[in-house]
Protein chains: 2
Amino acid sequence: MTAPDMTRSTAQNAQLALMLEVSGTPKPGNVDREREYDDLKFEQFLAGAVGAFDGLSLAADGEPVGRAFERAVAGMSQQQGGNTQFGALLLTTPLVAAAGEGALTRDNAEAVVTDTTVEDAVNFYRAFEHVDVAVNDPPEGMEALDVRRGSDAAPAIRERGLTLGELMEESAVNDGIAAEWSDGFSRTFEAATGLQESDGAVSNRASALFLALLASEVDTFVVTQHDTETALEVRDRAQDVLAGDENPYELAQELVEREINPGTTADIVAGALFIALERGLSV
Amino acid sequence: MTAPDMTRSTAQNAQLALMLEVSGTPKPGNVDREREYDDLKFEQFLAGAVGAFDGLSLAADGEPVGRAFERAVAGMSQQQGGNTQFGALLLTTPLVAAAGEGALTRDNAEAVVTDTTVEDAVNFYRAFEHVDVAVNDPPEGMEALDVRRGSDAAPAIRERGLTLGELMEESAVNDGIAAEWSDGFSRTFEAATGLQESDGAVSNRASALFLALLASEVDTFVVTQHDTETALEVRDRAQDVLAGDENPYELAQELVEREINPGTTADIVAGALFIALERGLSV
């Protein structure tokens, strides 16, 4: 007798991707299975991923991505660590929506972005009410659109008629996740292919991918959290790890001590894991 | 503006309990965040817990526990590691059902067991078709009721009119999870209270609870997998750890090398975590 089909759903693959991302170790600077902060623990990432499920399910079921994302963040925030995977959810939600509509291709993901509305932008802002997220100050004259204003920014967003896709386009230069939204998720899809072509335990592939991505581009979250100089140092030292000139475990320890968290890079790993799982990567 | 309620549901608490259990370290002999087997990895436990969700949801929604359990196991088995948390699901499913019906009390959990039917027993057997579970040979004359027969045992179960609760009662002497079913889940509820009264990260409390339970009673899964002598040794050495005479990390390493897995003890930790989460334990 064959077992009835219980294959993971699209939303379950997204949830699992969040968990596999945080399970990869070493992942210099970020929480992983073997490193955590006193106020941000591995188990809080698991609770965050459990809580994000309902919002991810909305995205898979065709709800507008802004609303689905806001719900995912609201669910994620039901733990004591604060922001665990806000950026990973922001990257993954449109991919889940594309998968829910049919095939998870770059074209379909771009169409999800193009189809976003002003209401999606309003709900994106609302998501910032659930957790504290490190963000840049808005450009001069754009204070009305500071994401930290949450729902209070809604009139300004509506007045300008900005869709979520347009908002992301404006942030793309400073934010690696917004850049993915504005570029057909090119790095994320490419990383997914890399994951599929590698071997071994999935969480080990995820940590190897993390290091490769960290070495390839400056992490915009580190720029926001610290400064460009620090972000360049992290990128260069990841290159040293790949060249065999630096121990990744020592780098991981040092970055945790200095509270340098290359979060954007981790978010792209999560997005890539989701794509790979949807394409049949087995765990 | 207050965030709309996104508190974890009962099924989500059960799912999180499974994940927190496997995250506790050290947990001598079992897979945890820092120890795994080549053919049974930490990430496969996460995938198993993700997959078990639909079955757990059925239990919370009032579906018969046998059917809900069989669906949870079918979902759990959608990963390459085989049996990750069969016993934890068997222990947790009736507790989820009790929580779904109202209050998660021992009385209500006992009522769930009392109310089980012959069809629940048939579905319990069906669950064994999804994964290989180490079990004892049936007593002489009871070969027709060997769980490894899966659905093929259905006529024998129906002929005898055995409910799932009655089946558990018959296995209680050799199986720590069946003993919990037959005794109002006394160890599990007591362990939950211990978890709530302790401090620190939840996964650390879970590993401390694991050691305390391991020291207190022989693990019936170790008896099944190896023999009584081995199980007694494990219990005694856990007592040594508690007395400070043995290093838990060294014991963990040794038991993994000897492939001694005190799975029943881990299952009770998972059940206790679920009860504690339902009672408001915060992560």
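Here the structure is shown first, and the text comes after it.
A brief structural summary. (Residues numbered from 1 in each chain as written. Chains lettered and ligands numbered in written order. Predicted model: local features only at pLDDT ≥ 70, side-chain atom pairs only at ≥ 80, totals over all residues. Heavy atoms only, no water.)

Here the focus is the overall build of chain A. A tally of regular secondary structure across chain A gives 15 helices and 0 strands. The buried share of chain A, taken over its 283 residues, is 60%. Intrachain contacts of chain A at a sequence separation of at least 6 include 72% that bridge at least 24 residues. Of the roughly 10,800 Å² of accessible surface on chain A, 43% is carried by carbon and sulfur atoms. For chain A, the distance from the average site of its 19 positive side-chain charges to the average site of its 50 negative ones is 3 Å. (Helix = DSSP H or I, 4+ residues; strand = E, 2+ residues; numbered from the N terminus. Buried < 20%, exposed > 50% of the residue type's maximum accessible area, 1.4 Å probe, protein only. Contact = heavy atoms within 4.5 Å. Areas by Shrake-Rupley, 256 points an atom, 1.4 Å probe, with all protein chains shown as cover. Lys, Arg positive; Asp, Glu negative; His and termini not counted. Charge placed at Lys NZ, Arg CZ, Asp CG, Glu CD.)

Residues and elements named next belong to chain A. Following the criterion strictly, the structure yields 1 cavity of 30 Å³ or more and no others. Its boundaries defined by the atoms lining it, the largest cavity holds a volume of some 30 Å³. Considering the residues around the largest cavity, the lining is formed by Val 65, Gly 66, Phe 69, Leu 90, Thr 93, Phe 124, Leu 164 and Trp 181. Secondary structure elements with two or more residues in the lining of the largest cavity: helix H3 (65-76) and helix H4 (86-101). In terms of residue class, the lining of the largest cavity is built from 6 nonpolar, 2 polar and no charged. (1 Å grid on protein atoms, 1.4 Å probe; cavity = no way out; pocket = protein on both sides within 12 Å on 5 of 7 lines; lining within 4 Å. Points joined across faces, edges and corners; volume = space filled by probe spheres on them. Nonpolar A, V, L, I, M, F, W, Y, C, P; charged D, E, K, R; others polar.)

Residues and elements named next belong to chain A. Applying the stated rule across the entire model yields 30 salt bridges over all chains. Residues Arg 67 and Glu 70 are paired through a salt bridge, measuring 3.8 Å at the closest nitrogen-oxygen approach. Remark: Glu 70 and Arg 67 occur in helix H3; sequence separation between them is 3 residues, near one turn of the helix. Exposure remark for Arg 67: the relative accessible area of 35% places this residue in the partly exposed category. Classification of Glu 70 as buried rests on a relative accessible area of 2%. (Salt bridge = Lys/Arg side-chain N within 4 Å of Asp/Glu carboxyl O.)

It is worth spelling out the environment of Ala 98 of chain A at this point. If you trace the backbone, Ala 98 of chain A turns up in helix H4. Between the C-alpha atom of Ala 98 of chain A and that of Val 234 of chain A, which follows or precedes it by 136 residues, the distance is 33 Å.

Next up on the list: the relation of the copies chain A and chain B. Copies of the same chain, two in number, are related to each other by a rotation about an axis and a translation along it. When chain A is brought onto chain B, the operation consists of a screw motion whose angular component is 180° and whose axial shift is 0.0 Å, with 0.0 Å RMSD remaining. Here the transformation between the copies is reduced to the relation of a two-fold axis. Looking at the rotation axis and the C-alpha trace of chain A, the residue lying nearest is Arg 33 of chain A, at 2.9 Å. In this assembly the copies share their binding face: 100% of the residues contributing to the interface of chain A also contribute to that of chain B. (Least-squares fit on C-alpha atoms with pLDDT ≥ 70 in both.)

With that settled, consider the interface of chain A and chain B. Interface size is often expressed as the accessible area that is lost when the parts come together. Across the contact, 40 residues belong to chain A and 40 residues belong to chain B. Interface of chain A and chain B: buried area, both sides summed, is about 3,500 Å²; carbon and sulfur atoms make up 58% of it. It is Met 6, Arg 33 and Glu 43 of chain A in chain A that bury the most area against chain B; as a group they hold 21% of the surface buried on that side. If you look at where chain A meets chain B, you find 2 salt bridges. Of the charged contacts in the structure, one is a salt bridge between Arg 33 of chain A and Glu 36 of chain B, with a shortest N-O distance of 3.2 Å. At the junction of chain A and chain B, the tally comes to 15 residue pairs in polar contact (both at pLDDT 80 or more). Breaking the side of chain A that touches chain B down by element, the ones donating at least two residues are helix H1 (10-23), helix H2 (42-60), H3 and helix H11 (202-216) of chain A. Here the element with the most residues in the side of chain A that touches chain B is H2 of chain A; it accounts for 8 residues. Looking at the side of chain A that touches chain B residue by residue, the classes come out as 16 nonpolar, 13 polar and 11 charged. (Buried area = accessible area lost by both parts, 1.4 Å probe. Polar contact = N/O pair within 3.5 Å; in protein donor to acceptor, adjacent residues only side chain to side chain.)

Look at helix H1 (residues 10-23) of chain B: 20 Å from first C-alpha to last across 14 residues, which is about the 20 Å you get at 1.5 Å a residue. Judged by how many residues are buried, H1 of chain B sits mostly within the fold: 14 of 14 residues are covered. (Expected span 1.5 Å × (residues − 1).)

All names here are of chain A. Two elements in contact, helix H10 (residues 186-197) and H11, have axes whose closest approach is 10 Å; the angle formed by their N-to-C orientations is 140°. One finds that H10 runs oblique with respect to H11. H10 and H11 meet at a crossing whose hand is right-handed. Listed contacts from H11 to Arg 187, Ala 191, Leu 195 and Gln 196 of H10 are Arg 205, Ala 206, Leu 209, Leu 213 and Ser 216. Split by residue class, the contact of H10 with H11 holds 5 nonpolar, 2 polar and 2 charged. (Axes fitted to C-alpha atoms, helices over the stretch in contact; angles between N-to-C directions. Parallel < 35°, antiparallel > 145°, perpendicular 65-115°, else oblique. Left-handed = near helix turned anticlockwise from the far one by under 90°.)

Summed over the entire model, instances satisfying the criterion amount to 14 aromatic pairs over all chains. Taking 4.8 Å as the distance between ring centres and 55° as the angle between the ring planes, the aromatic pair formed by Phe 86 of chain B and Phe 128 of chain B counts as tilted. One end of the pair, Phe 86 of chain B, is in helix H4 (residues 86-101); the other, Phe 128 of chain B, is in the loop between helix H6 (118-127) and helix H7 (154-160), and 42 residues separate them in sequence. Judged by its relative accessible area of 5%, Phe 86 of chain B is buried. Consider the rings of Trp 181 of chain B and Phe 185 of chain B, whose centres lie 6.4 Å apart with planes at 50°: the pair is tilted. Side by side, Trp 181 of chain B and Phe 185 of chain B carry an identical accessibility label, which is buried. Here the aromatic cluster, defined as three or more aromatic residues joined through ring pairs, consists of Phe 69, Phe 86, Phe 124, Tyr 125 and Phe 128 of chain A. (Phe/Tyr/Trp six-rings, centres within 6.5 Å; stacked < 30°, edge-to-face > 60°.)

Let's shift gears to the environment of Ala 97 of chain A. Residues and elements named next belong to chain A. If you trace the backbone, Ala 97 turns up in helix H4. Separated by 12 residues in the primary sequence, Ala 97 and Ala 109 place their C-alpha atoms 7.7 Å from one another. The contact partners of Ala 97, leaving out residues within four places of it in the chain, are Ala 59, Val 65 and Val 112.

Among the polar contacts listed, one links the side chain of Glu 70 of chain B to the side chain of His 130 of chain B, at a separation of 2.6 Å. Filtering out sequence-adjacent residues up to four positions away, Glu 70 of chain B remains in contact with Asn 123, Arg 126, Ala 127 and His 130 of chain B.

Let us look at the nonpolar core. As a rule of thumb, nonpolar side chains are buried together in soluble globular proteins. One finds Phe 124 of chain A together with Phe 124 of chain B to be the most contacted residues of the largest nonpolar core, which totals 194 residues. With near-sequence residues (within four places) excluded, Phe 124 of chain A lies in contact with Gly 66, Phe 69, Leu 90, Val 147, Leu 164, Leu 167 and Met 168 of chain A. (Core = buried A, V, L, I, M, F, W, Y, C linked by side-chain atoms within 4.5 Å.)

What follows concerns the packing of H2 of chain A against H4 of chain A. Residue and element names in this part refer to chain A. Where H2 contacts H4, the axes come no closer than 7 Å and their chain directions differ by 40°. Looking at the two axes, H2 sits oblique to H4. Residues Ala 52, Leu 56, Ala 59 and Ala 60 of H2 form the contact with H4, whose participating residues are Leu 89, Thr 93, Val 96, Ala 97 and Gly 100.

With that settled, the discussion passes to the environment of Arg 8 of chain B. Along the polypeptide, Arg 8 of chain B turns up in the segment before H1. Along the sequence, Arg 8 of chain B and Thr 193 of chain B sit 185 residues apart, while their C-alpha atoms lie 20 Å from each other. Leaving out residues up to four positions away in the same chain, Arg 8 of chain B has contacts with Ala 47, Val 50 and Gln 78 of chain A together with Asn 13, Leu 16, Leu 277 and Val 283 of chain B. A polar contact is formed between the side chain of Arg 8 of chain B and the backbone oxygen of Gln 78 of chain A, at a distance of 3.0 Å. At a separation of 2.9 Å, a polar atom in the side chain of Arg 8 of chain B contacts the side chain of Asn 13 of chain B.

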